[in-house]
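Each chain, letter by letter, is given below.
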Amino acid sequence: MAHGEEGTTLFTPYKLGKFRLSHRVVLAPMVRCRALNKVPTEAHVVYYSQRSTQGGFLITEGTLVAPNGHGLPYCPGIYTDEQVEGWRKVVDAVHAKGAIIFCQLWHGGRASHPVYQPGGGTPISSTEKPISNRWRILMPDGSYGRYPPPRALAASEIPEVVEHYRQAALNAIRAVRILDVVTGFDGIEIHGGHGYLIDQFLKDGINDRTDKYGGPLANRCKFLMEVLHAVVSAIGAERVAVRISPAIDHFDASDSDTLSLGLAVVERLNKLQKDIGSQLTYLHVTHPRYAARRRAQSRVQCSEGEEAHLMRTLRNAFQGTFIVSGGYNRELGVEAVAKGDADLVSYGRHFISNPDLVHRFKVNAPLNKYVRATFYTQDPVVGYTDYPFLGQETEDTESLSRL
């Protein structure tokens, strides 16, 4: 499939399904740990509104589909009426800026701890193998602990988990009419990567099942596709997207053949689209460079050529909009779009510290530096909504940079 047109840039408009985007810079989904009581607050309204532009596209932080999906402190859900109402305020603020917003649906699976589970229960997964001691879990008090052994879901329990995703999707797009204006998320992204629950079924480095959900690729893709079919049936393919990370070993989520895994997922997405006669909104793939730092620490080698080949192969195979993320700066994003390697590019850390990232990229202005120490704190302002817009730098910024 041919992609890209001569002269295409990050600022060339793009038709994303039924949505018309004015540029191709996307806010990536990022955990921020600011949802006290697991409900979006006014700080979320400010944060997402700051990063909204006319014709822009935003994806929310991972949003839990069920109470047992949590695995980090102060992450929002979308399984209660109170949470839905909190998100409605965010959506309204984003829409007021003329932007489009999707909700990322997330379940942590074994990337959790009894302290986050209802009644102190055991986290669920495809397996009973715990995440290795190479990784640590952030606890509610700010300390770090070890991941416990999870409980492998029985095959008979999986339909209930699928239902959690379906209901969460319905909650996300729930239409609320206020003064003749209908509000609700524009769509949802199913998080199928980064070592979380769906990825725990996809990757053979984790999935050691011997039933219909384990073993060959067709079986390991089954859970993702059951979730996808349920969500598409509920809200329509044109409001549904999928994120995968076949080459990312976050939380030990490794696979013996990352390219075949990625292609197996793409093949099934293409078939679903053909069968129902409707396109998914997009496929979102994390570039392997996302894990480059940790691979360097563990001495795992992966050449840039191999990484580029994997991404380009998946791009050419998928019949629809292709979004990339993971380690992109302005130059790499411009190159990806110009070469036709991506339709849209999502940015994480640079968007954290630059609420006006789109404008800064457009005029090629310097970027504010992000402060890792404030990524996952609970402060509703510091490191969240106090990064300055271009031309509004203050002494407060200097104070933040010293944290």
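The coordinates are above.
The shown structure was predicted, so the numbers you read here are calculated from the model rather than taken from an experiment.

1. A closer look at the pairing of strand β4 (residues 57–64)
Right, on to step 1. β4 sits mainly inside the fold: 8 of its 8 residues count as buried.
Right, on to step 2. Bridging between strand β3 (residues 25–27) and β4 involves 2 bridges; their strand directions are parallel. Along β4, the bridge assignment pairs Leu-27 with Leu-58.
Right, on to step 3. Note on the crossover from β4 through helix α2 (residues 81–96) to strand β5 (residues 100–106): the handedness is right-handed.

2. Looking at α2
Right, on to step 1. Relative to the 22 Å expected for 16 residues at 1.5 Å per residue, α2 spans 22 Å between its end C-alpha atoms, a close match to the ideal helical length.
Right, on to step 2. Taken together, the buried positions of α2 are occupied by Gln-83, Val-84, Gly-86, Trp-87, Arg-88, Val-90, Val-91, Ala-93 and Val-94.
Right, on to step 3. Count one or two residues on from α2 and you reach Gly-98, which has phi positive near 85°.

3. A few points about the packing of helix α7 (residues 258–276) against helix α9 (residues 304–317)
Relative orientation and spacing of two packed helices are given, respectively, by the angle between their axes and the distance between those axes.
Right, on to step 1. Between α7 and α9, the least distance of the axes is 10 Å, while the angle of their chain directions is 15°. As summarised for this structure, α7 and α9 are arranged roughly parallel, according to the angle between their axes. The hand of the α7/α9 crossing is right-handed. Residues Thr-258, Leu-259, Gly-262, Leu-263, Val-266 and Asn-270 of α7 lie in contact with α9, whose contacting residues are His-309, Leu-310, Thr-313, Leu-314 and Ala-317.
Right, on to step 2. Residues that form the contact of α7 with α9 fall into these classes: 6 nonpolar, 5 polar and no charged.

4. Quick word on the nonpolar core
Inside soluble globular proteins, nonpolar side chains tend to come together where they are buried.
Right, on to step 1. In terms of nonpolar packing, the biggest core is built from 84 residues, with Tyr-165, Ile-188, Phe-223 and Leu-228 touching the most fellow members.
Right, on to step 2. With 9 residues, the top contributor of residues to this core is helix α6 (residues 222–235).
Right, on to step 3. Those residues within four positions of Ile-188 in sequence are excluded, and the remaining contacts are Phe-102, Cys-103, Leu-105, Ala-169, Ala-172, Val-231, Ile-235, Arg-239, Val-240 and Ala-241.
Right, on to step 4. Counting 16 residues, the second largest nonpolar core, distinct from the first, contains Tyr-116, Trp-135, Tyr-147 and Phe-251.

5. Overview of the pairing of strand β13 (residues 240–244)
Moving residue by residue along a regular strand, the side chains alternate between the two faces of the sheet.
Right, on to step 1. In terms of burial, β13 is a largely internal element, 5 of the 5 residues being buried.
Right, on to step 2. The pairing of strand β12 (residues 187–191) with β13 spans 4 bridges and is classified as parallel. Bridge pairing links Glu-189 to Ala-241 in β13.
Right, on to step 3. Where β13 and strand β14 (residues 282–286) come together, 4 bridges link them in parallel fashion. Its bridge partner lying in β14, Ile-244 is registered against Val-285.
Right, on to step 4. Between β13 and its parallel partner β14, the chain crosses via α7, and the hand of that crossover is right-handed.

6. Considering the pattern of salt bridges
A side chain with one charge may pair with a side chain of the opposite charge, provided their charged atoms come close.
Right, on to step 1. Across all of its chains, the model carries 16 salt bridges by this definition.
Right, on to step 2. Asp-252 is paired through a salt bridge with Arg-134; the nearest N and O atoms lie 3.7 Å apart. Of the two residues, Asp-252 sits in the loop between β13 and α7 while Arg-134 sits in the loop between β6 (124–125) and β7 (137–138), which places them 118 residues apart along the sequence.
Right, on to step 3. Judged by its relative accessible area of 36%, Arg-134 falls in the partly exposed class.
Right, on to step 4. In this structure, Asp-199 engages Lys-203 in a salt bridge whose closest nitrogen and oxygen atoms are separated by 3.1 Å.
Right, on to step 5. Looking at Asp-199, the relative accessible area reads 1%, which means it is buried.
Right, on to step 6. Classification of Lys-203 as buried rests on a relative accessible area of 0%.
Right, on to step 7. Sharing partners across several salt bridges, the network here consists of Glu-85, Arg-88 and Asp-92.

7. Structural notes on the sheet that holds β5
Right, on to step 1. If you walk around this closed barrel you meet the 8 strands as β3-β4-β5-β12-β13-β14-β15-β16, and the pairing is parallel. Each adjacent strand pair in this sheet contributes to an overall mean axis angle of 25°, direction not counted.
Right, on to step 2. Against the sheet, α2 makes contact with β4 and β5, and its axis sits at roughly 150° relative to β5, the strand it touches most.

8. Remarks on the packing of aromatic side chains
Right, on to step 1. For the coordinates displayed, the defined rule picks out 17 aromatic pairs.
Right, on to step 2. Geometrically, the ring pair formed by Phe-57 and Phe-102 is edge-to-face, given 5.2 Å between the ring centres and 85° between the ring planes. Taken together, the positions of Phe-57 in strand β4 and Phe-102 in strand β5 put the pair 45 residues apart, joining distant regions of the chain. In this structure, Phe-57 and Phe-102 share a single accessibility class: buried.
Right, on to step 3. Both rings, one in Tyr-147 and one in Phe-251, keep their centres 5.5 Å apart while their planes meet at 65°; by these two values the pair is edge-to-face. Here Phe-251 lies in the loop between β13 and α7 and Tyr-147 lies in the loop between β8 (144–145) and β9 (151–152), a separation of 104 residues in the sequence. Pair check on accessibility: Tyr-147 and Phe-251 agree, each one buried.
Right, on to step 4. Each residue in the set Tyr-47, Tyr-48, Trp-87, Phe-185 and Tyr-384 is aromatic and connected to the rest through ring pairs, giving one cluster.

9. Quick notes on the state of the cysteines
Right, on to step 1. Here the structure, examined in full by the defined rule, presents 0 disulfides.
Right, on to step 2. Residue Cys-33 stays outside any disulfide, its sulfur separated by 4.4 Å from that of Cys-75, the closest cysteine.
Right, on to step 3. Judged by relative accessible area, which is 0%, Cys-33 ranks as buried.

10. Section: the packing of α6 against α7
Right, on to step 1. Two elements in contact, α6 and α7, have axes whose closest approach is 11 Å; the angle formed by their N-to-C orientations is 30°. Between α6 and α7, the crossing angle belongs to the class labelled roughly parallel. In this structure, the crossing between α6 and α7 has a hand that is right-handed. Note on element contacts: α7 touches α6 through Val-265, Arg-268, Leu-269, Leu-272 and Ile-276, opposite Leu-224, Met-225, Leu-228, His-229 and Val-232.

Thresholds, definitions, all that
Residues numbered from 1 in each chain as written. Predicted model: local features only at pLDDT ≥ 70, side-chain atom pairs only at ≥ 80, totals over all residues. Heavy atoms only, no water. Buried < 20%, exposed > 50% of the residue type's maximum accessible area, 1.4 Å probe, protein only. Helix = DSSP H or I, 4+ residues; strand = E, 2+ residues; numbered from the N terminus. Pairing = 2+ DSSP bridges. Right-handed = clockwise from strand over helix to strand, strands pointing away. Expected span 1.5 Å × (residues − 1). Axes fitted to C-alpha atoms, helices over the stretch in contact; angles between N-to-C directions. Parallel < 35°, antiparallel > 145°, perpendicular 65-115°, else oblique. Left-handed = near helix turned anticlockwise from the far one by under 90°. Contact = heavy atoms within 4.5 Å. Nonpolar A, V, L, I, M, F, W, Y, C, P; charged D, E, K, R; others polar. Core = buried A, V, L, I, M, F, W, Y, C linked by side-chain atoms within 4.5 Å. Salt bridge = Lys/Arg side-chain N within 4 Å of Asp/Glu carboxyl O. Phe/Tyr/Trp six-rings, centres within 6.5 Å; stacked < 30°, edge-to-face > 60°. Disulfide = S-S within 2.5 Å.

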